[in-house]
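Architecture at a glance
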Amino acid sequence: MTNDITTHKYRVVIIGGGAGGASVAGRLLDHRADLDIAIVEPSEYHYYQPAWTLVGGGAYDSKATRRAEADFIPKQAKWIKQRAQGFEPELNQVVLEDGSRIAYEYLVVAAGIQLDWTKIEGLEATLGKNGVSSNYRYDLAPYTWECIRKLRGGRALFTQPPMPIKCAGAPQKILYLAADHFRRNGIKAEVHFLPAGPSMFGVPFYSDALDQIMAAYGATPNFGHNLVAVDGPHKKATFEIGAEKKHVSFDFEMMHVVPPQSAPDFIKSSPLANEAGWVAVDKNSLRHDKYANVFAVGDCTSAPNSKTAAAVRAQVPVLVSNLLAALNGKPATAAYDGYASCPLTTSRGKVLLAEFAYGGAITPSFALDPRIPRRMYWWIKKFFLPRLYWRMLSGHMGPDWHAERKFKKPLPTLVP
Ligand code: FAD
């Protein structure tokens, strides 16, 4: 049935109906209800991934993070329910997994990021048992909470692979929620953070604050530790350290693992990819470097922003504006400033709301020192942001108050 699809040329084809793809479709149709759009998306469900941290911390119901994908595919758009497998940008065609092709005038790539679980030896076999969990999977996030809740002492490890990953703060957010639980319940656990990178966070302004939060919990940062193997039954994790890639092992009672991540394979192997495998776009216009009728949004792009839903929310209006301009034969003038936000759950009840843009600019939505964990931000994270997100998927982006602000004062004493 799909083999005759190339007889029709869609005005816009969107690859991926997740945070970026669904929002672009909804917003495009809000502006131009007559647009002939196809969305290529294989999944039955869409997930509000940012709440998986709260699920893992015992503060959110996992079922509330899942909704039917059909709710977010606009009625006017054609839903092609299969995977894209390749791109032929010289022919303006996308190859689907059944071998058929669809043709487009404009293409938007929004296929997210790939989780490379198998790159860590022994990990897949032990996930969900032996005290090994990950908030990076819907089915596993509740097990993270079970591990935290059941810990009675011993060592708790929290790993972080090399960047880029989606939500760079997520590996440490769950550490804080666990450490807070141990503290409240008088559990003597030895808490270790093991990031492959050299600091707590990519933006020094926030990293300094997070050093203090770690110290407040008595948690140990072990920088430059890259997880390479897990032996679940013997509760042993092996890390590579240093340029000579020496192996060191840690015993653990529980371990939260964040998988290595990369561009989806079908993008990596396509003409749309840059050397690292991401869709090669201009970091401001989100338009492809070589193919002017191709745009990309979200985690799959080469734009050097922090890969978050917050970034998607800032990118979508820019992409849609530039795509509508292109459809009207006008120049693309809208520019994305690199905005991203990372609500760091420093305890159950408080969040440090890190907001920033390209070049490490500090761009908070509120005129308050963003290094200070606040209760108000916890409620924003738990109640406001999920609502904002589900609405965003229909193309309604909600308020955007972020602005560059300067905070010269020395770092105050922080209470997580
Ligand atoms: P996604 O929303 O993942 O959508 C990608 C879509 O592409 C999916 O629907 C997928 O099925 C589809 N797809 C994949 N391959 C193909 C293919 N071959 N063909 C067709 N379709 C395909 N962000 C924040 O802003 N704040 C947070 O606090 C936060 N916390 C997070 C915590 C965790 C544990 C995780 C996992 C993520 C978190 N994020 C957070 C990140 C956020 O969820 C992502 O950055 C965001 O979803 C990216 O949107 P996207 O559209 O690029 O990708």
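See the structure above.
Given the structure is predicted, the values throughout are model-derived calculations rather than measurements.

**Describing the pattern of salt bridges**
Inspection of every chain in the model, using the stated rule, returns 17 salt bridges. Across the pair arginine 101 and glutamate 88 runs a salt bridge whose closest N-O atoms are separated by 3.0 Å. Within this pair, whereas arginine 101 is found in strand S8 (residues 101–109), its partner glutamate 88 is found in strand S6 (residues 84–88), the two being separated by 13 residues in sequence. Notably, a salt bridge pairs aspartate 180 with arginine 184, separated by 2.9 Å at the nearest N-O pair.

**Description of the site of the ligand**
Around the ligand there are 34 residues in total, and Gly20, Glu41, Lys173, Asp299 and Ala310 lie nearest to it. Between a nitrogen atom of the ligand and a side-chain N or O atom of arginine 83, the distance comes to 3.4 Å. In the complex, the protein chains occlude 93% of the 1000 Å² of accessible area that the ligand would expose alone. Mapped by element, the contributors of at least two residues to the shell around the ligand are helix H1 (19–31), helix H5 (170–184) and helix H8 (309–327). Class assignment of the residues belonging to the shell around the ligand gives a composition of 16 nonpolar, 11 polar and 7 charged. Residue contributions to the shell around the ligand reach at least three from each of two domains, namely domain 1 (3–113 + 263–335) and domain 2 (115–262).

**Quick word on unusual backbone geometry**
The omega torsion of the bond from methionine 163 to proline 164 falls at 0 degrees, within 30 degrees of zero and hence cis. Note that proline 164 resides in the loop between strand S11 (154–160) and H5. Positive phi values are uncommon outside glycine, yet asparagine 130 reaches one of about 55 degrees. By secondary structure assignment, the location of asparagine 130 is in the loop between helix H3 (123–126) and strand S10 (132–133). The class of asparagine 130 is partly exposed, set by a relative accessible area of 27%. Phi is positive for lysine 235, close to 50 degrees, though the residue is something other than glycine. Mapped onto the secondary structure, lysine 235 falls in the loop between strand S14 (225–231) and strand S15 (236–241).

**Quick look at the sheet that holds strand S17 (residues 254–256)**
Read across the sheet, 5 strands follow the order S10-S17-S11-S12-S13 without closing on themselves; strand pairing throughout is parallel. What marks the edges here is a single partner per strand, and that holds for S10 and strand S13 (220–221). Bridge analysis of S11 against S17 gives 3 bridges, and the strand direction is parallel. Looking across to S17, one finds that alanine 156 is bridged to methionine 254.

**Side note on the side chain of glutamine 261**
Looking at the element boundaries, glutamine 261 is found in strand S18 (residues 261–262). On the basis of relative accessible area, glutamine 261 is assigned to the buried category, the value being 8%. Of note is the side chain of glutamine 261, whose polar atom sits 2.9 Å from the backbone nitrogen of lysine 166. The contacts of glutamine 261, once residues within four sequence positions are left out, are Ile113, Gln114, Leu115, Asp116, Tyr136, Pro164, Ile165 and Lys166.

Parameters at a glance
- Residues numbered from 1 in each chain as written.
- Predicted model: local features only at pLDDT ≥ 70, side-chain atom pairs only at ≥ 80, totals over all residues.
- Heavy atoms only, no water.
- Salt bridge = Lys/Arg side-chain N within 4 Å of Asp/Glu carboxyl O.
- Helix = DSSP H or I, 4+ residues; strand = E, 2+ residues; numbered from the N terminus.
- Near = heavy atom within 4 Å.
- Polar contact = N/O pair within 3.5 Å; in protein donor to acceptor, adjacent residues only side chain to side chain.
- Areas by Shrake-Rupley, 256 points an atom, 1.4 Å probe, with all protein chains shown as cover.
- Nonpolar A, V, L, I, M, F, W, Y, C, P; charged D, E, K, R; others polar.
- Domains from an automatic or database assignment.
- Buried < 20%, exposed > 50% of the residue type's maximum accessible area, 1.4 Å probe, protein only.
- Pairing = 2+ DSSP bridges.
- Contact = heavy atoms within 4.5 Å.

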